[in-house]
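A closer look at the structure
Listed here are the chains, written in short residue letters.
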Amino acid sequence: MIRVPTLAVEDIDLSDIEFWGRPPSERHASFAVLRAERPIAFFEEPDLGRDSALALTPGPGYRVLSRHADVVEVSRNPDLYCSGKGALTIIDLPEELVEFFAGMISTDNPRHARLRSIVSAAFSPRHIRAIEESIERVAVRLINESAGLGGCDVVTSLAAPLSLEIICNMMGVPASEHATVLRCSSVISSSSDAEYLPEGNDSLLAIFEAAQELSAMMADLANHRLTHPSDDLTTALVMTNIDGEALSESELASFFILMLIAGNETTKDSISHGILALSEHPDQRALWQADPVGVAATGIDEVVRWASPVNWMRRTVTADTILSGEELYDGDKVILLYPSANRDEEVFEDPFRFDVLRNPNPHVGFGAAGPHFCLGAHLARQEIDVMLRELLTRLPDIEVCGEPTWTQSRSVNGIKHLPCQFTPVTPST
Ligand code: HEM
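What counts and what doesn't
Residues numbered from 1 in each chain as written. Predicted model: local features only at pLDDT ≥ 70, side-chain atom pairs only at ≥ 80, totals over all residues. Heavy atoms only, no water. Phe/Tyr/Trp six-rings, centres within 6.5 Å; stacked < 30°, edge-to-face > 60°. Buried < 20%, exposed > 50% of the residue type's maximum accessible area, 1.4 Å probe, protein only. Lys NZ or Arg CZ within 6 Å of the ring centre and 35° of its normal. Helix = DSSP H or I, 4+ residues; strand = E, 2+ residues; numbered from the N terminus. Contact = heavy atoms within 4.5 Å. 1 Å grid on protein atoms, 1.4 Å probe; cavity = no way out; pocket = protein on both sides within 12 Å on 5 of 7 lines; lining within 4 Å. Points joined across faces, edges and corners; volume = space filled by probe spheres on them. Nonpolar A, V, L, I, M, F, W, Y, C, P; charged D, E, K, R; others polar. Pairing = 2+ DSSP bridges. Axes fitted to C-alpha atoms, helices over the stretch in contact; angles between N-to-C directions.

1. Details of the packing of aromatic side chains
Within this structure, the stated rule accounts for six aromatic pairs. Between Phe19 and Trp20 the ring centres are 5.0 Å apart and the planes differ by 85°, which places this aromatic pair in the edge-to-face class. This pair shows no difference in class: Phe19 is buried, exactly as Trp20 is. Positioned above the aromatic ring of Phe348 is the side chain of Arg305, whose terminal nitrogen or guanidinium carbon lies 5.2 Å from the ring centre. Seen from the ring of Trp306, Arg343 lies directly overhead, with NZ or CZ sitting 4.4 Å from the centre.

Pasting the structure below:
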């Protein structure tokens, strides 16, 4: 008799950092068990302060929402499920640190609307269409740098530098600082991956130091922009004046950090997951290659559903309530588990099939509808579209030729390295 290995719900521990370093297929197997058996599961909080000079003690625990319906319900009810106590960490950070790290993503109305309105125009579909040409220019330059080599690392040669350059240009960060932004962004979003941690391995301290480095960069840039305004987002931030109030120094810093981290990591991961998925599904790749413009209309969102680059966001319950029959109490922390919601059998037909023509595709990779829905969604779609189109056209036989290396991160579904090969071609314009 063949024994089929089964995964017991009791053995799943989302607080264990090891869990987040496993390949996505293994994580998805655990999420499927949670959806079926414990869709609002309780977990003890990880003891993040244990190996750190920063004295942070774990709180009372948190609940993980693994079904699509619950993620949608919570996202659209910001009064009952707030973000102001921290959207990016499970552990409760002191208030000033929540603000420092997360900026508007960890605020509620009216402050959230006020902050979002400062930058929202720059991310509108019209504005993003206007920068398509510059995205193309960067993508083609990066592809040309590898075109003659016959192979490269998709992440470090193509996906990471594209996302980095575009968001840094939008923010007005000079090219001399791009490497620092990449290093700090990797430390902050990976949270504990040894490849990005400086010697000594106090991961919490490393995150604080990286944030401080970015904050100092913002202070310099902001000072410069006050006397040398430009058409970048940093100028918009320093010149802004809502109801007679300018942004405070810490609001500026947290805005800057949020934009750089949010704009960098997730798009890089989507492009890398996209190339991997297209390599693993030659039939889907053939469809895309035959009609890059037509298929992109549905394919890009399927890449984001498939990749689900953001693992979760947190909300905090503001009054006793009932969610899908489960009692929740004022102060309870809930985690919106996006990758799981994006494989929910109740919503997606054959959810484990990568289908570039999937339509409708109500995925929640960018968050579900609500005030915090991803501000950069149009930009991210544009970058994924351009890079995949240019790659499939200029390096038509590009394929992954080795195992991906996964980022060990609670917050993002990252790929650190992804070797690929292709027939070398002469760089072209
Ligand atoms: C495929 C790439 C991306 C994915 C998967 C993604 C995903 C997300 C998710 C899940 C949220 C939280 C939604 C919620 O809490 O309801 C979010 C928020 C946000 N994203 Fe993205 N994102 C991506 C690209 C970008 C880019 C390129 C930017 C550019 C700066 C960006 C900026 C933001 C900002 C500023 C927020 C906070 C919005 C708010 O609180 O109002 N994102 N994103």
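Moving on from the coordinates now.
2. Description of the environment of Leu337
Along the chain, Leu337 falls in strand β8 (residues 333-337). Not counting residues up to four positions away in its chain, the partners in contact with Leu337 are Leu14, Trp20, Phe31, Val64, Leu65, Ser66, Val71, Asn311 and Trp312.

3. Here's the deal with the layout of surface pockets
The volume enclosed by the second largest pocket comes to roughly 310 Å³. Around the second largest pocket, the lining comprises 16 residues; the ones closest to its centre are Pro24, Ser25, Glu280, Trp306 and Trp406. Those elements that provide at least two residues to the lining of the second largest pocket are α1 (24-37), α11 (249-280) and α13 (292-307). For the lining of the second largest pocket, the element with the highest residue contribution is α11, accounting for four residues. A breakdown of the residues in the lining of the second largest pocket according to their chemical character gives nine nonpolar, four polar and three charged.

4. Some words on the sheet that holds strand β2 (residues 62-65)
With mixed pairing, the five strands of this open sheet are ordered in space as β1-β2-β8-β5-β3. Looking along the sheet, the strands with just one partner apiece sit at the ends: β1 (40-43) and β3 (81-82). Bridge analysis of β2 against β8 gives three bridges, and the strand direction is parallel. Residue pairing in the sheet places Arg63 in a bridge with Val334 of β8. Contacts from helix α2 (residues 68-75) reach β1, β2, β3, β5 (312-317) and β8, with the element oriented near 120° to β8.

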